[in-house]
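Coordinates in review
One-letter residues, chain by chain:
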Amino acid sequence: MAVNKRVAIHTLGCKLNFAESSSILNKFRQRQYEIVSFDDDADIYVIHSCTVTATADKKTRQLINKVKNANPKAKIALIGCMVDNLSQNSSILEKTDWALGNKEKMFLPEIIENEAINDSIFNSRFIPAFSTYDRTRSFLKIQDGCDYFCEYCTIPYVRGRSRSAEIKDILNQLDFLVDKGIKEVIFTGINIGDYGVNQNFSFADLLYTISKQSYPLRFRISSIEPNLLSDEIIELVASSDAFMPHFHIPLQHGSDRILQSMKRRYTIDYFVKLIYKIKKSIPDAFIANDVIVGFPDETDEDFRNMFDLLKDLPIAYLHVFPYSDRPLANSFNFKNKIPANIKKQRSKILTKLSKEKQENFYNSFLNTTSKVLWEAKIEDDFIYGYTENYIRVATHYDANLINKISNVLLEKLDKNIIIAKILNDEK
Ligand code: SF4
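Residues numbered from 1 in each chain as written. Predicted model: local features only at pLDDT ≥ 70, side-chain atom pairs only at ≥ 80, totals over all residues.

Remarks on the overall build of the chain
Counting its regular elements, the chain contains 14 helices and 18 strands. In summary, the chain has a C-alpha radius of gyration of 22 Å against a globular reference of 22 Å for 427 residues, a match within 12%. Across its three principal directions, the C-alpha atoms of the chain cover 55 × 55 × 45 Å. In the chain, the proportion of contacts linking residues at least 24 apart, taken out of those at least 6 apart, comes to 71%. (Helix = DSSP H or I, 4+ residues; strand = E, 2+ residues; numbered from the N terminus. Rg over C-alpha atoms; globule rule 2.2 N^0.38 Å. Contact = placed C-beta atoms within 7 Å.)

Given below as structure tokens:
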């Protein structure tokens, strides 16, 4: 067993990668490794990669070169989606000491330590993970992979098909997180609405089972596909104090023609009705959407349709992604690619719209009261947290606030944060 070896990890990409990195670090800790920051001296640098965009690949290559230059004797482990996307003769592999794809990556500490790995564990369909980085909130992995094969996406190829955690394991992990003092859990996966597929159990069944356990936790649902956000789920969030009024729903485009070309599973009409249904049941809900600009063959008119749609919808935030060509994705072979300058222009327009929408949403809650969970993160003498409906809030730092839920008055908008006055602590 290694003693006093230093390991650092840098994670790119989705919340699932972050949850998995946290679990990998715990395994290193159990083997007496010292966990250090990626900017410090380490014996092993782990890069947990993402390959969703060409920019993510570029960042990974830069990180590998940075480590090689700064610390030539250190070993490098490249893990995650990019590895599954690399050709066998890729020059990156020469620069790494370990390259583990999604199937093996969770066993990196065992592999480094040459520990025997039971074949059945190695081939297990679902590998659990949760994060405990900030001691207040945890991203809990409940599902992995995807069966949808949207035309622009490589995830089904690099992470494999949809699979889910056992419900008893999720309940055990929630007990563990409560014991650790965690106050908020975000259910995370690649396509979480697909939870339980092939098991005769739905995502809504899971949420209703959890809601009956009365955990002392706040829950959030991470990104969920529009066609899988059922009435049952909306009703549960509307009626429960434990499930936060916060939805992240990937729309991806505002034109039916492009949605069809992307092979998405809903129409604009369905999506609009869904958003109004949520706002009718939960008027305070924070709704964020992912959108892609510059998908092949996106015309000015398609883009204008998307802009007009988003401008009028009661949504609070947009995650804007310029389309990125990925060799594994079907859209790589599509015609009529959109030039980079037009993608940039369109991204800028939607990012500006998103800022306006967020500001409007935040402004509409000024001078109202809300409940905030304070995080361990401190900056410039301020402590930060989120309201139930995902408004970013700050107040003057007080160490006693960490991991407490306070009733606050939302007083003043300062850039993209609301400064709050504490009324009283709840827990
Ligand atoms: S739903 Fe589509 S975009 Fe999302 S992971 Fe699956 S294939 Fe990719």
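So much for the structure itself; the text now carries on.
Observations concerning the site of the ligand
In the vicinity of the ligand, the residues found are C146, Y148, F149, C150, C153, I155, P156, I190, N191 and E225. In terms of residue class, the shell around the ligand is made up of eight nonpolar, one polar and one charged. (Near = placed C-beta within 6 Å. Nonpolar A, V, L, I, M, F, W, Y, C, P; charged D, E, K, R; others polar.)

Concerning the sheet that holds strand β9 (residues 184–188)
Strand order across the open sheet formed by three strands is β6-β9-β10, with parallel pairing between neighbours. The open sheet is flanked by β6 (137–141) and β10 (218–221), the only strands paired with a single partner. For this sheet the average axis-to-axis angle between neighbouring strands, irrespective of direction, equals 25°. With four bridges connecting them, β9 and β10 associate as parallel partners. Looking at β10, one finds that F187 is bridged to I221. Lying on the sheet, helix α1 (residues 15–30) is in contact with β6 and β9; it crosses β6 at an angle near 100°. (Pairing = 2+ DSSP bridges. Axes fitted to C-alpha atoms, helices over the stretch in contact; angles between N-to-C directions.)

As for the pairing of strand β17 (residues 405–414)
Pairing geometry for strand β14 (residues 369–379) and β17, over five bridges, is antiparallel. From the neighbouring strand, S370 faces β17, where its bridge partner is V408. Of the strand pairs in this sheet, β17 and strand β18 (residues 417–425) are connected by eight bridges, and their pairing is antiparallel. In the strand pairing of β18, K412 is matched with I419. The hairpin formed by β17 and β18 contains two residues between the paired strands, and K415 there has a positive phi angle of roughly 55°.

Let's talk about the nonpolar core
Ranked by size, the top nonpolar core spans 92 residues in total, and within it V46 and I287 carry the most contacts. Among the elements that make up this core, the one with the highest residue count is strand β12 (residues 286–293) (six residues). Mapping this core onto the domain boundaries places at least three of its residues in each of domain 1 (6–122) and domain 2 (137–362). Setting aside residues no more than four positions away along its own chain, I287 makes contact with F247, I249, I275, I278, I315 and A316. I383, I391, V393 and V408 belong to the second largest nonpolar core, which has 14 residues in total. (Core = buried A, V, L, I, M, F, W, Y, C linked by C-beta atoms within 7 Å. Buried ≥ 20, exposed ≤ 12 C-beta atoms within 10 Å, placed from the backbone. Domains from an automatic or database assignment.)

A word on the domain arrangement of the chain
Segmentation of the chain into domains returns domain 1 (6–122), domain 2 (137–362) and domain 3 (369–425). Relative placement of domain 2 and domain 3: their C-alpha centres are 26 Å apart. With twelve residues of domain 2 in contact, the opposing surface of domain 3 contributes ten residues. Looking at side-chain class alone, the side of domain 2 that touches domain 3 contains five nonpolar, three polar and four charged residues.

Here we look at the sheet that holds strand β11 (residues 246–252)
The parallel open sheet is built from three strands, whose spatial order is β11-β12-β13. Of all strands in the sheet, those with a lone pairing partner are β11 and β13 (317–322), marking the two edges. Averaged over all neighbouring strand pairs, the angle between strand axes comes to 20°, with direction disregarded. Both β11 and β12 contribute to a ladder of six bridges, which runs parallel. By the bridge assignment, F247 is partnered in β12 with I287.

Let's talk about the packing of helix α10 (residues 231–239) against helix α12 (residues 268–281)
Between α10 and α12, the least distance of the axes is 10 Å, while the angle of their chain directions is 25°. With respect to α12, the element α10 is oriented roughly parallel. Relative to α12, the crossing made by α10 is right-handed. For the pair formed by α10 and α12, the contact residues are I234, E235 and A238 on the first element and K277, I278 and S281 on the second. Broken down by class, the residue content of the contact of α10 with α12 amounts to three nonpolar, one polar and two charged. (Parallel < 35°, antiparallel > 145°, perpendicular 65-115°, else oblique. Left-handed = near helix turned anticlockwise from the far one by under 90°.)

With respect to the packing of helix α9 (residues 203–212) against α10
Any two packed helices are characterised by how steeply their axes cross, that is the angle between the axes, and by the distance between the axes. At a closest axis distance of 9 Å, the pairing of α9 and α10 adopts a crossing angle of 25°. When the interaxial angle is binned, α9 and α10 end up roughly parallel. For α9 against α10, the interelement crossing comes out left-handed. Across from F203, A204, L207, Y208 and S211 in α9, the residues of α10 making contact are E232, I233 and L236.

A short note on the pairing of strand β15 (residues 382–387)
Examined bridge by bridge, β14 and β15 share five bridges and lie antiparallel to one another. Looking at the pairing, L373 lines up with Y386 of β15. Remark: two residues form the turn of the hairpin made by β14 and β15, two consecutive strands paired antiparallel; D380 in that turn has positive phi of roughly 50°. The sheet contact formed by β15 and strand β16 (residues 392–396) spans five bridges and is antiparallel. Bridge assignment links Y384 to a residue of β16, and that residue is A394. Remark: four residues form the turn of the hairpin made by β15 and β16, two consecutive strands paired antiparallel; Y390 in that turn has positive phi of roughly 60°.

Some words on the environment of D425
Residue placement: D425 occurs in strand β18. In sequence terms D425 and N102 are 323 residues apart; their C-alpha atoms lie 42 Å from each other. If near-sequence neighbours (up to four positions away) are discounted, D425 is found in contact with K404 and S406.

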